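Here's the letter readout for the chains.
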Amino acid sequence: MDAATAKLIGAGLAAIGVGLAALGVGNVFGSFLESALRNPAAADSQQGRLFIGFAAAELLGLLAFVVAMIILFVF
């Protein structure tokens, strides 16, 4: 296996995290909607945690994308 092939495989594996971040964001919003439908009075107090969970999941996705681009174009 030459270096170019290994670089492309590594970038592809690092990009898997972007798809997993999308699953994480869907899980965060799905859990929020489920809990809001069960207890609508508590939904307003949980909205801040919703955005923190969204930001954390999205940050990990962006980090995976950056790592994939670094592997692809720097090394």
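Above this text is the structure in question.
What you are looking at is a predicted structure, and each value in this text was computed from that prediction instead of being measured.

Notes on the overall build of the protein chain
Okay, step 1: Within the protein chain, the secondary structure is distributed over two helices and zero strands.
Okay, step 2: Over its C-alpha atoms the protein chain spans a radius of gyration of 17 Å, topping by over 25% the 11 Å that the globule rule assigns to 75 residues.
Okay, step 3: For the protein chain, the spread of C-alpha atoms along the principal axes amounts to about 60 × 15 × 10 Å.
Okay, step 4: Restricting to contacts in the protein chain with at least 6 residues of sequence separation, those with at least 24 account for 77%.
Okay, step 5: Put simply, the protein chain shows about 5400 Å² of open surface, and 74% of that area lies on carbon and sulfur atoms.

Examining helix α1 (residues 3-38)
Okay, step 1: Here α1 contains 36 residues, and its C-alpha end-to-end distance of 54 Å stays within 8% of the 52 Å for a straight helix at 1.5 Å per residue.
Okay, step 2: Those residues of α1 that sit buried are Ala11, Ala14, Ala21, Val25, Phe32 and Ala36.
Okay, step 3: Buried-residue contacts for α1 involve α2 (43-73).

Notes on a nonpolar patch on the surface
Okay, step 1: The grouping of Val18, Phe65, Val66, Ile70, Phe73, Val74 and Phe75 at the surface amounts to a nonpolar patch, some 730 Å² of accessible area in total.
Okay, step 2: In terms of residues, the nonpolar patch owes the most to one element, α2, which gives four residues.
Okay, step 3: Inspection of the secondary structure assignment puts Phe65 in helix α2.
Okay, step 4: Overall, the relative accessible area of 44% leaves Phe65 in the partly exposed class.

Rules used in this analysis
Residues numbered from 1 in each chain as written. Predicted model: local features only at pLDDT ≥ 70, side-chain atom pairs only at ≥ 80, totals over all residues. Heavy atoms only, no water. Helix = DSSP H or I, 4+ residues; strand = E, 2+ residues; numbered from the N terminus. Rg over C-alpha atoms; globule rule 2.2 N^0.38 Å. Contact = heavy atoms within 4.5 Å. Areas by Shrake-Rupley, 256 points an atom, 1.4 Å probe, with all protein chains shown as cover. Expected span 1.5 Å × (residues − 1). Buried < 20%, exposed > 50% of the residue type's maximum accessible area, 1.4 Å probe, protein only. Patch = residues over 30% accessible without salt bridge, like charges linked within 9 Å, V, L, I, M, F, W, Y side chains within 5 Å. Salt bridge = Lys/Arg side-chain N within 4 Å of Asp/Glu carboxyl O.

Honestly, that's just the spatial picture; any functional story needs more than this.
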